[in-house]
Amino acid sequence: MATIDMLEETANYLLNHCFVLGGVEDQRAKYLYVQDHLSEVRAVFRPLGYNVVLYPAPMQAAALVNGHEGSQARLLKYESILLLVLRLLYLQKRESLAAADQVLVTVEEVQTELQKMNLPRRLDQKTLENLMRTLRRYNLARPVGRLTGLNSRIEVFPTVLLALPDADLADAAAEAGRTRTELGLYERADDTGEAEE
């Protein structure tokens, strides 16, 4: 009976959070359950069109993946931007850390990266706290203590690498390049106001 309870608890956790992490103390038992009972966990989700993907060490994560386009989480613009900034900082810091080390970034580091983007508004305290609630819900990052100032820390989970697949990022980069090219046509417009062909 305990195995069925753990299956139900783990399945519900995955439905609500998308990821479960073996490197996070309060999620470790669920991750180990998925690892040890992967076929049973997959059987629960298969009729719904979901797949459970296991990422062993060093990532130690299990992800609930749905192939249906419309059922993926929709992030607000600033949530997506913050997610990309945290992904960038994660990749930068991961290189200099041992595999078991937490990746911690400061609010100041996040603000510095955001300032480079020349966004129309600055990331204020309330917005940051709201964004972090969303990222914490999906097990992408969580604040370490309270976010009270620039020295406040955020733990970034390895799942930040999985939230936006590399193919999506490559497509976005290609689209950004095409957009820059189109904008360049308008910047080079002649005196008649028409873009050069």
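In case you missed it, the structure is sitting above this.
The structure displayed is predicted, hence computed values, not measured ones.

## A closer look at the overall build of the chain
Consideration 1: What the chain contains, in helices and strands, is seven helices and six strands.
Consideration 2: Going residue by residue from the N terminus, the α and β elements of the chain occur as α-β-α-α-β-β-α-β-α-α-β-β-α.
Consideration 3: Expressed as a percentage of its 197 residues, the buried residues of the chain come to 33%.
Consideration 4: In the chain, the proportion of contacts linking residues at least 24 apart, taken out of those at least 6 apart, comes to 53%.
Consideration 5: Only carbon and sulfur atoms are counted for the fraction: they give 53% of the accessible area of the chain, which is about 12,100 Å².

## Examining the pairing of strand S3 (residues 61-66)
On a regular strand, each side chain points to the face opposite its neighbour's, so the side chains alternate between the two faces of the sheet.
Consideration 1: With five of six residues buried, S3 is to be regarded as a mostly interior element.
Consideration 2: Of the strand pairs in this sheet, strand S1 (residues 19-21) and S3 are connected by three bridges, and their pairing is antiparallel. In the sheet register, phenylalanine 19 faces S3, and the bridge partner there is alanine 63.
Consideration 3: In the sheet, strand S2 (residues 50-55) pairs with S3 via six bridges, with the strands oriented antiparallel. Of the residues in S3, the one forming a bridge with valine 52 is leucine 64.
Consideration 4: Linking S2 back to S3 in an antiparallel pair, the connection comprises five residues, with glutamine 60 at a positive phi of about 50 degrees.

## Quick look at the sheet that holds strand S6 (residues 153-156)
Consideration 1: One open sheet holds the three strands; their spatial order is S4-S6-S5, and the pairing between them is antiparallel. Every other strand in the sheet has two partners, leaving strand S4 (103-106) and strand S5 (141-144) as the edge strands with one partner each. Within this sheet the neighbouring strands show an average axis-to-axis angle of 35 degrees, counted without direction.
Consideration 2: Summarising the sheet, S4 and S6 pair through four bridges and their orientation is antiparallel. Looking at S6, one finds that valine 103 is bridged to valine 156.
Consideration 3: In the packing of helix H5 (residues 107-115) onto the sheet, contacts are made with S4 and S6, and the angle to S4 comes to roughly 70 degrees.

## Observations concerning the pattern of salt bridges
Consideration 1: The tally for this structure, following the rule as stated, stands at five salt bridges.
Consideration 2: A salt bridge links lysine 30 to glutamate 9, with the nearest nitrogen and oxygen atoms 3.4 Å apart. With a gap of 21 residues between them, lysine 30 in helix H2 (residues 28-36) and glutamate 9 in helix H1 (residues 2-17) connect regions that are remote in the sequence.
Consideration 3: Overall, lysine 30 belongs to the buried group, its relative accessible area being 12%.
Consideration 4: The closest approach of N and O atoms between glutamate 109 and lysine 93, which form a salt bridge, is 2.9 Å. Here the residue glutamate 109 occupies a position in helix H5, and lysine 93 occupies one in helix H4 (residues 77-94), the gap between them amounting to 16 residues.
Consideration 5: For glutamate 109, a relative accessible area of 26% puts it in the partly exposed group.
Consideration 6: Residue lysine 93 is classed as partly exposed on the basis of its relative accessible area, which comes to 23%.

## Here we look at the sheet that holds S1
Consideration 1: Pairing in this open sheet of three strands is antiparallel, and the strands run S1-S3-S2 from one edge to the other. Only two strands of the sheet have a single partner each, and these edge strands are S1 and S2. Neighbour-to-neighbour, the strand axes of this sheet turn through a mean angle of 15 degrees, independent of strand direction.

## Things to note about the packing of H2 against helix H3 (residues 38-45)
Consideration 1: Between H2 and H3, whose axes approach to 5 Å, the crossing angle comes to 95 degrees. Taken together, H2 and H3 sit at an angle that is classed as roughly perpendicular. Residues Tyr33, Val34, Gln35 and Asp36 of H2 form the contact with H3, whose participating residues are Leu38, Glu40 and Val41.
Consideration 2: The residue makeup of the contact of H2 with H3, split by class, is four nonpolar, one polar and two charged.

What counts, and at which threshold
- Residues numbered from 1 in each chain as written.
- Predicted model: local features only at pLDDT ≥ 70, side-chain atom pairs only at ≥ 80, totals over all residues.
- Heavy atoms only, no water.
- Helix = DSSP H or I, 4+ residues; strand = E, 2+ residues; numbered from the N terminus.
- Buried < 20%, exposed > 50% of the residue type's maximum accessible area, 1.4 Å probe, protein only.
- Contact = heavy atoms within 4.5 Å.
- Areas by Shrake-Rupley, 256 points an atom, 1.4 Å probe, with all protein chains shown as cover.
- Pairing = 2+ DSSP bridges.
- Axes fitted to C-alpha atoms, helices over the stretch in contact; angles between N-to-C directions.
- Salt bridge = Lys/Arg side-chain N within 4 Å of Asp/Glu carboxyl O.
- Parallel < 35°, antiparallel > 145°, perpendicular 65-115°, else oblique.
- Nonpolar A, V, L, I, M, F, W, Y, C, P; charged D, E, K, R; others polar.

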